[in-house]
Amino acid sequence: MKTIIEPFKIKSVEPIFITTVEERVQIIKDAFYNPFLIPAEKVLIDLLTDSGTSAMSSSQWAGMMIGDESYAGSPSFFRFENTVKDLTNMPFIIPTHQGRAAEKILFSVLGAKGKMVVSNTLFDTTRANVEASGAIGVDLLCSEGKLPNVPSDFKGNLDIEAFKSLIDKNGADNIAICILTVTNNSGGGQPVSMQNIIDVKNICKLNGISFFLDACRFAENCYFIKLREKKYADSSVEQIAKEMFSYADGCTMSAKKDAFANMGGFLALHNEDLSNKCKNLLILTEGFTTYGGLSGRDLEAIAIGLKEVLQEDYLKYRINSIEYLTNKLIKENIPVMQPAGGHAVYLDAKQFLSHIPIEQFPGQVLVTALFIEGGIRAVEIGSLMFGKYDSMNQLIPAQMELVRLAIPRRVYTQSHIDYVAEVIIEVYKKRDALKGLVITSEQPVLRHFTAKLAPVS
């Protein structure tokens with residue numbers, strides 16, 4: 001059948017508050033044209049992030065009721081630990097309150113100051129933690145990944161030849177770690193192929209470089225591998241996931257994505273010495289090693305969610321629903337990342353608003369326009385998020401100017417998605433009337449979270 005149906009029933013609901021265009025104009029003005037500063041109850045459809053916004057299952061809620069809150073040695077931790085060990089085959093599992101905490105701990109203990117951290121594309125908090133440790137983040141996205149409107153199966157891949165050249169030029173000793181983000185969030189939610197993972201692993205092994213995965217959307221990536229790499233067509237997603245993890249020396253994960261949890265994450269490792277160093281910092285900053293800043297009920301929810309996300313009926317629905325929205329926009333000639341990614345639809349703001357110069361942040365302009373038109377909250381992934389300043393205080397733009405509409409897991413129905421498409425189409429029709437924005441206040445790190453902007457005068 002052509003109709004996409006949700007492979008679940010709705011058991012509990014919460015209200016959506018409707019606002020008028022006039023009200024939203026004032027709301028976005030009061031928020032200084034930054035969606036992060038909008039109160040959530042004033043948002044109609046919230047696509048700011050898919051992190052921690054999932055609807056948990058009845059099994060997860062039931063599991064939370066048996067969560068044990070012992071400070072040390074909770075049985076909830078051991079259920080969590082066994083689930084992660086079974087999935088990753090990594091012996092040392094360190095719980096954290098979310099993914100960025102795992103990143104902070106890992107990069108802090110690597111001793112990477114002055115060295116490079118190589119990735120297909122580092123996301124915002126990952127890059128911030130890399131730079132906070134004194135290391136240098138280097139993105140080596142494949143060439144096809146830099147072309148939003150040109151379809152290709154694995155646009156999240158790391159550029160293998162560029163990686164080899166980097167090693168030849170700088171030496172392997174100057175590369176602290178290589179970490180692949182699966183799927184590639186900053187690159188449009190695009191998947192990484194198993195062959196690319198194997199190739200990267202082989203280069204790292206040959207040169208003595210640690211190889212990690214940023215695995216917060218691992219299941220979605222594995223489903224794309226099943227669909228697009230013929231070798232894996234008859235493999236289960238669980239089998240693919242276990243093979244993928246087998247190539248890594250470790251992984252970080254935000255369980256707020258593919259584990260359906262509202263809070264939590266972990267760091268999984270093979271190296272015992274590195275694990276001990278990470279645990280020492282965990283105790284200092286997060287909590288004891290068997291809770292790591294999480295309640296027992298959170299650990300239960302993660303353990304159950306990691307199993308639920310491997311259900312292929314769910315993954316088929318998840319990927320198809322993102323593709324459904326992408327295809328509706330393509331039919332209207334709206335510039336959108338192709339093919340559809342795993343967790344979000346990405347609008348090409350540079351082409352969408354080609355009349356707005358990069359230094360006036362076309363992605364942020366589009367974000368504000370979507371909110372005013374239909375109460376949709378999205379996020380800019382472009383030069384506001386990733387742009388840097390040179391010595392002359394001139395903006396060095398990001399690799400791409402994208403707007404991400406991240407779809408929360410098991411939250412919105414097809415009618416909500418149809419509404420989102422209508423709003424985007426209306427904004428596209430009115431795009432020539434939109435004007436740029438300038439920053440009036442910003443912080444030196446992760447400025448997009450708290451920056452204040454104003455219309456160009």
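The structure displayed is predicted, hence computed values, not measured ones.

The full count for this structure, using the stated rule, is 22 salt bridges. Notably, a salt bridge pairs Arg79 with Glu300, separated by 2.5 Å at the nearest N-O pair. Of this pair, Arg79 sits in helix H3 (residues 75-88) while Glu300 sits in helix H11 (residues 296-308), and the two are 221 residues apart along the sequence. For Glu300, a relative accessible area of 3% puts it in the buried group. When the shortest N-O distance is used, the salt bridge between Arg409 and Asp258 registers 3.3 Å. Residue Arg409 is located in the loop between strand E14 (402-406) and helix H16 (414-429), and its partner Asp258 is located in the loop between strand E7 (250-254) and strand E8 (265-269); the two are separated by 151 residues in the primary sequence.

Turning our eyes to something else, we now look at empty space enclosed by the protein. In total, this model carries three cavities of 30 Å³ or more according to the counting rule given. In this model, the largest cavity occupies a volume close to 120 Å³. Surrounding the largest cavity, Ile4, Glu6, Tyr317, Ser321, Ile322, Tyr324, Leu325, Ile407, Tyr412, Thr413, Gln414 and Ile417 form its lining. Among the secondary structure elements, those contributing two or more residues to the lining of the largest cavity are helix H12 (312-331) and H16. Residue contributions to the lining of the largest cavity peak at five residues, all from H12.

Among all positions in helix H2 (residues 58-65), only Gln60, Gly63 and Met64 are buried. Buried residues of H2, seen end-on, are gathered within an arc of 105° and therefore sit on one face of the element. Next to the buried residues of H2 lie H11.

A few words on the environment of Gly73. Looking at the secondary structure, you find Gly73 in the loop between H2 and H3. A relative accessible area of 37% means that Gly73 is categorised as partly exposed. The sequence separation of Gly73 and Tyr291 amounts to 218 residues, and the corresponding C-alpha distance is 8.4 Å. Other than its neighbours up to four places away in sequence, Gly73 contacts Phe78 and Thr290.

The strands making up a sheet are joined through hydrogen bonds of the backbone, oriented either antiparallel or parallel. Strand order in the open sheet formed by seven strands is E2-E8-E7-E6-E5-E3-E4, and the pairing between neighbours is mixed. Edge positions in the sheet fall to strand E2 (92-96) and strand E4 (136-139), since each of these pairs with one other strand and no more. This sheet shows a mean twist of 20° between the axes of neighbouring strands, independent of strand direction. Strand direction decides the pairing type here: strand E6 (residues 210-214) and E7, joined by three bridges, are parallel. Counted as the bridge partner of Asp214 is Thr252 from E7.

For the rest of this paragraph, the subject is the layout of surface pockets. Of the voids in this model, the largest pocket is the one considered here, and its volume is about 1,400 Å³. In terms of lining residues, the largest pocket is bounded by 36 residues, among which Ser12, Glu14, Ala55, Arg410 and Val411 are the most central. At the level of secondary structure, the elements contributing two or more residues to the lining of the largest pocket comprise H2 and H12. Looking at which element gives the most residues to the lining of the largest pocket, the answer is H2, with three residues. Considered as a void within the structure, the second largest pocket measures approximately 430 Å³ in volume. What lines the second largest pocket is a set of 27 residues, and nearest its centre among them are Ser51, Arg100, Phe123, Asp124 and Lys257. Looking at the lining of the second largest pocket, the elements with two or more residues in it are helix H4 (99-109), helix H5 (124-132) and E7.

Let's shift gears to the nonpolar core. One finds Phe163, Phe211 and Phe218 to be the most contacted residues of the largest nonpolar core, which totals 65 residues. Phe163 has contacts with Val118, Leu140, Leu158, Ile175, Cys178, Val200, Ile203, Cys204 and Ile209, leaving out every residue within four places of it along the chain. Core analysis: the second largest hydrophobic core is formed by 46 residues, Val336, Val403, Val423 and Val427 among them.

Taken in spatial order, the three strands make up an open sheet running E9-E14-E11, and their pairing is antiparallel. The open sheet is flanked by strand E9 (344-348) and strand E11 (379-381), the only strands paired with a single partner. Across the sheet, the axes of successive neighbouring strands diverge by a mean angle of 35°, strand direction being ignored. As defined by bridge partners, E9 adjoins E14 across five bridges and the pair is classed as antiparallel. Bridged to Leu347 within E14 is Val403. Across the sheet, helix H14 (residues 362-374) lies against E9, E11 and E14, angled at about 40° from E14, the strand it touches most.

This structure, assessed with the given rule, holds zero disulfides. Left unpaired, Cys216 is separated from the closest cysteine sulfur, that of Cys251, by 10 Å. Under the relative-accessibility criterion, Cys251 is labelled buried at 0%.

Under the defined criterion, the tally for this structure stands at 12 aromatic pairs. Arranged with centres 6.4 Å apart and planes meeting at 75°, the rings of Phe123 and Phe386 form a pair that is edge-to-face. Linking Phe123 in the loop between strand E3 (116-119) and H5 with Phe386 in helix H15 (residues 383-386), this pair joins segments that are 263 residues apart in sequence. With relative accessibility at 15%, the residue Phe123 sits in the buried group. When the centroid spacing of 6.3 Å and the interplanar angle of 55° are considered together, the rings of Tyr314 and Tyr317 count as tilted. Linking Tyr314 with Tyr317, this pair stays in helix H12, spanning three residues, or about one helical turn. Accessibility assignment for this pair places Tyr314 and Tyr317 in one class, buried. Connected via pairs of aromatic rings, a cluster forms that spans Phe8, Phe260, Tyr314 and Tyr317. When the ring centre of Phe260 is taken as reference, the NZ or CZ atom of Arg410 above it lies at 3.7 Å. The aromatic ring of Phe32 is capped on one face by Lys452, whose charged end is 4.6 Å from the ring centroid.

What counts and how
- Residues numbered from 1 in each chain as written.
- Predicted model: local features only at pLDDT ≥ 70, side-chain atom pairs only at ≥ 80, totals over all residues.
- Heavy atoms only, no water.
- Salt bridge = Lys/Arg side-chain N within 4 Å of Asp/Glu carboxyl O.
- Helix = DSSP H or I, 4+ residues; strand = E, 2+ residues; numbered from the N terminus.
- Buried < 20%, exposed > 50% of the residue type's maximum accessible area, 1.4 Å probe, protein only.
- 1 Å grid on protein atoms, 1.4 Å probe; cavity = no way out; pocket = protein on both sides within 12 Å on 5 of 7 lines; lining within 4 Å.
- Points joined across faces, edges and corners; volume = space filled by probe spheres on them.
- Arc of directions from axis to C-beta.
- Contact = heavy atoms within 4.5 Å.
- Pairing = 2+ DSSP bridges.
- Axes fitted to C-alpha atoms, helices over the stretch in contact; angles between N-to-C directions.
- Core = buried A, V, L, I, M, F, W, Y, C linked by side-chain atoms within 4.5 Å.
- Disulfide = S-S within 2.5 Å.
- Phe/Tyr/Trp six-rings, centres within 6.5 Å; stacked < 30°, edge-to-face > 60°.
- Lys NZ or Arg CZ within 6 Å of the ring centre and 35° of its normal.

Note that every value here comes from positions in space, so none of it alone points to a role or purpose.
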